[in-house]
Structures are given as C-alpha cells and as structure tokens.
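Inside the fold
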Amino acid sequence: MRFAVQYLTRSNNTGLIIFSVDDLSTATIYKEELVTCYGHYAVFNLQELTEGTLGELYRLYPGVSNVTVRAQEISKQPLTGDDILNTSPTAEI
C-alpha cells in the first residue's frame, strides 16, 4: 500500500513524504517515528494513495504548493510552516 504524509521540520520547512508499507497500522507507526526518530516537528494528514498519480497528490494535498502567476509565467512557491499550521488538514488519521 502507498501512503503520503505532510511534515513540518523544526526549521519551519514543510514537505510531503511518499512511502510504501503493508498496512495502515504500519503507516501510522512510521508517521509517529518521523517525529520521535527523525526530528520532524509535526507530521499530519496521513493519506492512502490509491491512484499513485500527481493529480491525486494535488487533490489530497492542495496546500503543499502555492501557485503564483507573474507576467504570464507560472511558478510554484512552497508554503512555510506557519501557513501549514494556520490551515486544518483535509483528513487526519
């Protein structure tokens, strides 16, 4: 099974981790280990990936990137940790 989870580091960076494990129980344990063993400040919004497409990631994690249009040029700007903490996750397991 494939899963994805958002994380926030102590230096206020946010990201997305995609991983494969056998079941939801193992995924939940890995989510907890990201905080206790790997030093991430907050780990949230654990989701199972059923399609495995970029479209699915954008649908499940719409707040991971901001899209900015400048002079007809589109660029993606990552959100800061403050932006993530001020929004509620779509679903949390």
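On a predicted model such as this, the values are computed, not experimentally measured, just so you know. (Residues numbered from 1 in each chain as written. Predicted model: local features only at pLDDT ≥ 70, side-chain atom pairs only at ≥ 80, totals over all residues. Heavy atoms only, no water.)

One non-glycine residue, N45, lies in positive phi territory at about 60 degrees. Here N45 is to be found in strand β3 (residues 40-49). Here N45 falls in the buried class, since its relative accessible area comes to 2%. (Helix = DSSP H or I, 4+ residues; strand = E, 2+ residues; numbered from the N terminus. Buried < 20%, exposed > 50% of the residue type's maximum accessible area, 1.4 Å probe, protein only.)

Tracing the sequence through the fold places Q47 in strand β3. Among the polar contacts listed, one links the side chain of Q47 to the side chain of N45, at a separation of 2.9 Å. (Polar contact = N/O pair within 3.5 Å; in protein donor to acceptor, adjacent residues only side chain to side chain.)

Before going further, it helps to spend a moment on the sheet that holds strand β1 (residues 2-9). The strand order across the open sheet formed by 3 strands is β2-β1-β3, and the pairing between neighbours is antiparallel. Edge positions in the sheet fall to β2 (14-20) and β3, since each of these pairs with one other strand and no more. Each strand of the sheet is rotated relative to its neighbour by a mean of 25 degrees, with strand direction disregarded. Pairing of β1 with β3, which is carried by 7 bridges, proceeds in the antiparallel orientation. (Pairing = 2+ DSSP bridges. Axes fitted to C-alpha atoms, helices over the stretch in contact; angles between N-to-C directions.)

Right, let's get into the nonpolar core. Residues F3, V5, Y7, I17, F19, V21, A27, L34, V43 and L46 constitute the largest nonpolar core, which totals 10 residues. Of all the secondary structure elements, the ones that give two or more residues to this core are β1, β2, α1 (24-36) and β3. For this core, the element with the highest residue contribution is β1, accounting for 3 residues. Those residues within four positions of F3 in sequence are excluded, and the remaining contacts are I17, I18, F19, V21, D23, L24, A27, L46, Q47, E48 and L49. (Core = buried A, V, L, I, M, F, W, Y, C linked by side-chain atoms within 4.5 Å. Contact = heavy atoms within 4.5 Å.)

Next up on the list: the pairing of β2. In terms of strand pairing, β1 meets β2 through 7 bridges, oriented antiparallel. Paired with F3 across the strands is F19, a residue of β2. With antiparallel pairing between neighbouring strands as the criterion, β1 and β2 make up a hairpin whose turn holds 4 residues, including N12 at a positive phi of roughly 75 degrees.

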